[in-house]
Amino acid sequence: MKKIVITGGAGFIGSHVVRLFVTKYPDYQIYNLDALTYAGNLENISDITDAANYTFIKGDIKDYQFLKTLFQEQQFDAVIHLAAESHVDRSITDPNAFIETNVLGTANLMNAFRNACSDNFENKLFYHISTDEVYGSLGKTGLFTETTPYDPQSPYAASKAASDHMVRAYGNTYKMPFVISNCSNNYGANQFPEKLIPLFINNIKNNKSLPVYGDGQYTRDWLYVVDHAKAIDLIFHEGKIGETYNIGGFNEWTNLELIHLLCAQMDEKLGREKGSSSKLITFVKDRAGHDRRYAIDASKLNRELGWKPSLTFEEGLSKTIDWYLENETWLNNVTSGAYQEYYKKMYS
Ligand code: NAD
Ligand code: TYD
């Protein structure tokens, strides 16, 4: 019997983690704590809302008094912390929102956790979910390992790096048991269409231009979100306290290579003439301070805990496109209203 609070469980990755824990561990009580920002959507987890071991709590990790009372009342055994502002482009236009949620919010959570257990952390765990972007940008070769020095380049990456440092500092200073994982770019169902893959799927579907930043030769390592959720499950249960684990897909693509693959799959699925979607590619002004290449060495996780990705990128991308095409209502709901304003501001 475990009582676990998962933060950010109405978001993209968090919803997959909540679903996995609720369905795989009927003996655990899972609490999903989420502020429901523009990125949070209860539709993402509508299939498990009625499960006996699931509770949703609407709340903001920026609000310490709220967290203090909640943690005091509930006496959680563990925290799996995913709530964050997560989009690099938004961090360029509004960096403070990232400092407030990602840095201060993480500290608030740890303070509430400390307070609720009076620094007696027996059988407790704080699991912090982070990103490979804390390591900065790679040249043509090399991989990020768990010992790569931090060198964050965007306000988003710097806020995540700061939160990682705070978690390690609480581990060292207050002996709070923690694990951290740093993952590469995720893709899959329920990702908000501000990130590359869902944004481009939506634009291709609607015959809108595909805004490629700069020369399109930026490289990312892509991982299917369900594989990330499975890695989180494994690290939560078998990871060594105080350790960091890198999670990645062993799957590097330049943006242009990825976009051409996406266009080809979309042409086929939509019954369009070969090559028609790639005609939508439009080179636009580059992102400020754009990191050239990310690539993760996930061999520690493979060697120590036996994890590996379950899908090829072609298979994962195909499943992802199918999900967006089959879930038109979800897509229409999240791209109406405020999204239109966001799109105009970022892309016009
Ligand atoms: P997301 O933006 O889809 O979801 C974030 C969730 O957090 C939303 O449900 C939102 O409502 C909630 N949230 C935001 N601010 C909050 C606040 N102040 N209080 C409570 N809830 C709040 O993000 P995601 O892509 O699912 O990322 C989840 C985590 O994984 C983040 O910590 C991110 O840094 C990390 N990560 C993401 C990726 C990726 O490719 N998306 C890769 C590696 C790591
Ligand atoms: P994104 O999905 O925002 O993830 P991240 O910045 O965390 O890697 O972007 C992935 C890559 O795609 C990145 O190199 C920026 C690029 N990109 C575009 O070229 N056009 C776009 O409209 C977006 C959103 C991203």
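Cut-off values and rules
Residues numbered from 1 in each chain as written. Chains lettered and ligands numbered in written order. Predicted model: local features only at pLDDT ≥ 70, side-chain atom pairs only at ≥ 80, totals over all residues. Heavy atoms only, no water. Domains from an automatic or database assignment. Contact = heavy atoms within 4.5 Å. Salt bridge = Lys/Arg side-chain N within 4 Å of Asp/Glu carboxyl O. Polar contact = N/O pair within 3.5 Å; in protein donor to acceptor, adjacent residues only side chain to side chain. Nonpolar A, V, L, I, M, F, W, Y, C, P; charged D, E, K, R; others polar. Pairing = 2+ DSSP bridges. Helix = DSSP H or I, 4+ residues; strand = E, 2+ residues; numbered from the N terminus. Axes fitted to C-alpha atoms, helices over the stretch in contact; angles between N-to-C directions. Near = heavy atom within 4 Å. Areas by Shrake-Rupley, 256 points an atom, 1.4 Å probe, with all protein chains shown as cover. Parallel < 35°, antiparallel > 145°, perpendicular 65-115°, else oblique. Left-handed = near helix turned anticlockwise from the far one by under 90°. Buried < 20%, exposed > 50% of the residue type's maximum accessible area, 1.4 Å probe, protein only. Core = buried A, V, L, I, M, F, W, Y, C linked by side-chain atoms within 4.5 Å.

**Re the domain arrangement of the chain**
Here is step 1 of the chain: Here the chain is described as being made up of domain 1 (3-187 + 223-247) and domain 2 (196-219 + 252-293 + 312-341).
Here is step 2 of the chain: One C-alpha centre belongs to domain 1, the other to domain 2; they are set 27 Å apart.
Here is step 3 of the chain: Every contact between the two is made by 19 residues of domain 1 and, on the other side, 17 residues of domain 2.
Here is step 4 of the chain: If you look at where domain 1 meets domain 2, you find one salt bridge.
Here is step 5 of the chain: The residue Asp89 makes a salt bridge to Arg287 at a minimum N-O spacing of 2.7 Å.
Here is step 6 of the chain: Counting across the domain 1 and domain 2 interface gives eleven residue pairs in polar contact (both at pLDDT 80 or more).
Here is step 7 of the chain: The residue makeup of the side of domain 1 that touches domain 2, split by class, is seven nonpolar, nine polar and three charged.

**With respect to the sheet that holds strand β2 (residues 29-34)**
Here is step 1 of the chain: Within the open sheet, the seven strands sit side by side as β3-β2-β1-β4-β5-β6-β10. Their pairing is parallel. The sheet is open, and its two borders are formed by β3 (54-58) and β10 (244-247), each paired with just one other strand. Direction aside, the axes of adjacent strands within the sheet are offset by 20° on average.
Here is step 2 of the chain: Of the strand pairs in this sheet, strand β1 (residues 3-7) and β2 are connected by five bridges, and their pairing is parallel. Its bridge partner being in β2, Thr7 is matched across the sheet by Leu33.
Here is step 3 of the chain: Against the sheet, helix α2 (residues 64-74) engages β1, β2, β3 and β4 (78-81), with an angle of about 175° to β2.
Here is step 4 of the chain: Taken strand by strand, helix α7 (residues 225-238) contacts β1, β4, β5 (125-131), β6 (178-183) and β10, and its axis lies near 145° from that of β5.

**Topic: the sheet that holds strand β9 (residues 219-224)**
Here is step 1 of the chain: Sheet architecture is open: three strands sit in the order β7-β9-β11, paired in mixed fashion. Every other strand in the sheet has two partners, leaving β7 (185-187) and β11 (252-254) as the edge strands with one partner each. Neighbour to neighbour, the strand axes of the sheet diverge by 50° on average, direction disregarded.
Here is step 2 of the chain: Bridge count between β9 and β11: three bridges; the pairing is antiparallel. Residue pairing in the sheet places Asp221 in a bridge with Glu252 of β11.
Here is step 3 of the chain: Most of the contacts of helix α8 (residues 255-270) go to β11, to which it runs at about 90°, and overall it touches β9 and β11.

**Description of the site of ligand 2**
Here is step 1 of the chain: The immediate surroundings of ligand 2 are formed by 18 residues, with Glu133, Arg220, Arg287, His290 and Tyr347 found nearest.
Here is step 2 of the chain: At 2.9 Å, a backbone N or O of Leu196 approaches an oxygen atom of ligand 2.
Here is step 3 of the chain: Separating an oxygen atom of ligand 2 from a side-chain N or O atom of Asn255 is a distance of 2.9 Å.
Here is step 4 of the chain: Considering ligand 2 on its own, with 510 Å² of exposed area, one finds that the protein chains cover 97% of that surface.
Here is step 5 of the chain: Of all the elements in the fold, those that place two or more residues in the shell around ligand 2 are α6 (196-205) and β8 (210-213).
Here is step 6 of the chain: Looking at which element gives the most residues to the shell around ligand 2, the answer is β8, with three residues.
Here is step 7 of the chain: Of the residues belonging to the shell around ligand 2, the class tally is nine nonpolar, four polar and five charged.
Here is step 8 of the chain: Taken together, domain 1 (3-187 + 223-247) and domain 2 (196-219 + 252-293 + 312-341) each give at least three residues to the shell around ligand 2, which thus spans both.

**Topic: the packing of α6 against α8**
Here is step 1 of the chain: Where α6 contacts α8, the two axes come as close as 11 Å, and the packing angle between them is 40°. Judged on the interaxial angle alone, α8 and α6 are oblique. In this structure, α6 meets α8 at a crossing whose hand is right-handed. Taken together, the residues of α8 that come into contact with α6 (itself represented by Leu196, Ile197, Phe200, Ile201, Ile204 and Lys205) are Asn255, Leu258, Ile259, Leu262, Cys263, Met266 and Leu270.

**What about unusual backbone geometry?**
Here is step 1 of the chain: Even without glycine at this site, Leu36 takes up a positive phi of about 55°.
Here is step 2 of the chain: Looking at where Leu36 falls in the secondary structure, it is placed in the loop between β2 and β3.
Here is step 3 of the chain: A positive phi angle is found at Ser118, which is not glycine, with a value near 45°.
Here is step 4 of the chain: On the secondary structure map, Ser118 appears in the loop between α4 (95-117) and β5.
Here is step 5 of the chain: Under the relative-accessibility criterion, Ser118 is labelled exposed at 60%.

**Observations concerning the pairing of β10**
Here is step 1 of the chain: The alternating pattern of β10 places Thr244 and Asn246 and Tyr245 and Ile247 on opposite faces, both of which are buried.
Here is step 2 of the chain: Pairing analysis gives four bridges linking β6 to β10, with the strands arranged parallel. Across the sheet, Ser181 pairs through a bridge with Tyr245, a residue of β10.

**Brief notes about the nonpolar core**
Generally speaking, nonpolar side chains in soluble globular proteins are found buried as a group.
Here is step 1 of the chain: Counting 45 residues, the largest nonpolar core has Ile4, Ile6, Phe21 and Ile80 as the members making the most contacts within it.
Here is step 2 of the chain: Broken down by secondary-structure element, the contributors of at least two residues to this core are β1, α1 (12-24), β4, β5, β6, α7, β10 and α9 (299-305).
Here is step 3 of the chain: Residues contacting Phe21, with those up to four places away along its chain left out, are Ile4, Ile6, Tyr28, Ile30, Asn53, Ile80, Asp233, Phe236 and His237.
Here is step 4 of the chain: Residues Phe200, Trp253, Leu261 and Ile321 belong to the second largest nonpolar core, which totals 33 residues.

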